[in-house]
Amino acid sequence: MSDLDLLTQSLARNVKHWRAVRGFTLDVLAARAGVSRGMLIQIEQARTNPSIGTVVKIGDALGVSITTLLDYEQAPKVRIVPAEQAVRLWHTDAGSYNLLLAGTEAPGPLELWNWRLMPGESSASDPHPAGTVELLHVSTGELTLTVDGVEYRVPAGASVSFEANTPHTYGNTGDVPMEMVMAVSVPPVP
């Protein structure tokens with residue numbers, strides 16, 4: 001079985017599980033996530049490989065992390081994620097990417113990411129649920145972070161935190177690759 005097949009089946013199983021835990025019908029989850037009922041049916045039947053944006057919306061609507069939705073197995077109290085099991089969810093031909101390093105539910109989803117943006121590239125994010133906080137540390141280059149239309153420059157060695165319930169974009173307007181580590185904390189679903 002390929003990694004993609006394993007991820008597709010894990011996503012199907014975990015979306016069904018968390019939808020049942022939350023007591024959501026397909027229609028309720030579709031409305032909360034802003035995705036079609038048909039898409040959710042295809043996901044739960046492991047018949048599609050949805051975009052990262054769709055997975056993020058479903059995770060946000062369920063109040064669980066992407067890591068939880070893609071988890072192959074039940075997480076033990078201590079979980080080591082080998083480098084080859086980190087999940088690359090987005091990349092460009094120029095060499096930009098993000099890598100989901102680890103995640104947990106504590107008490108809501110908590111994710112740790114590694115990002116690389118090549119010069120001139122950016123990645124936009126839809127608003128997350130109210131109470132979501134992102135914490136970033138730039139290790140190389142300079143991050144151009146735009147939050148709710150306001151641009152911030154974050155140089156190498158600096159860190160930034162922000163409330164991520166508004167549109168935000170990670171960008172590299174410099175001439176060298178930008179690398180950062182990011183933690184995302186999403187509040188639990190009430």
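Notes on the structure in this doc start here. (Residues numbered from 1 in each chain as written. Predicted model: local features only at pLDDT ≥ 70, side-chain atom pairs only at ≥ 80, totals over all residues. Heavy atoms only, no water.)

### Concerning the layout of surface pockets
Each pocket or cavity is described by its volume, and for the largest pocket that value is around 570 Å³. Lining the largest pocket are 30 residues, with I52, G53, V56, S125 and H128 positioned closest to its centre. Broken down by element, the residue count for the lining of the largest pocket peaks at 7 residues, all from helix 4 (residues 52–62). Its residues assigned to classes, the lining of the largest pocket shows 17 nonpolar, 7 polar and 6 charged. (1 Å grid on protein atoms, 1.4 Å probe; cavity = no way out; pocket = protein on both sides within 12 Å on 5 of 7 lines; lining within 4 Å. Points joined across faces, edges and corners; volume = space filled by probe spheres on them. Helix = DSSP H or I, 4+ residues; strand = E, 2+ residues; numbered from the N terminus. Nonpolar A, V, L, I, M, F, W, Y, C, P; charged D, E, K, R; others polar.)

### Remarks on the sheet that holds strand 6 (residues 142–147)
Sheet architecture is open: 4 strands sit in the order 4-9-6-7, paired in antiparallel fashion. Each edge of the open sheet carries a strand with a single partner, namely strand 4 (122–125) and strand 7 (150–155). This sheet shows a mean twist of 15° between the axes of neighbouring strands, independent of strand direction. Across 4 bridges, the pairing between strand 4 and strand 9 (residues 168–171) is antiparallel. In the strand pairing of strand 9, S123 is matched with Y170. (Pairing = 2+ DSSP bridges. Axes fitted to C-alpha atoms, helices over the stretch in contact; angles between N-to-C directions.)

### What to know about the pairing of strand 7
As paired elements, strand 6 and strand 7 share 6 bridges and run antiparallel to each other. Paired with T146 across the two strands is E151, which belongs to strand 7.

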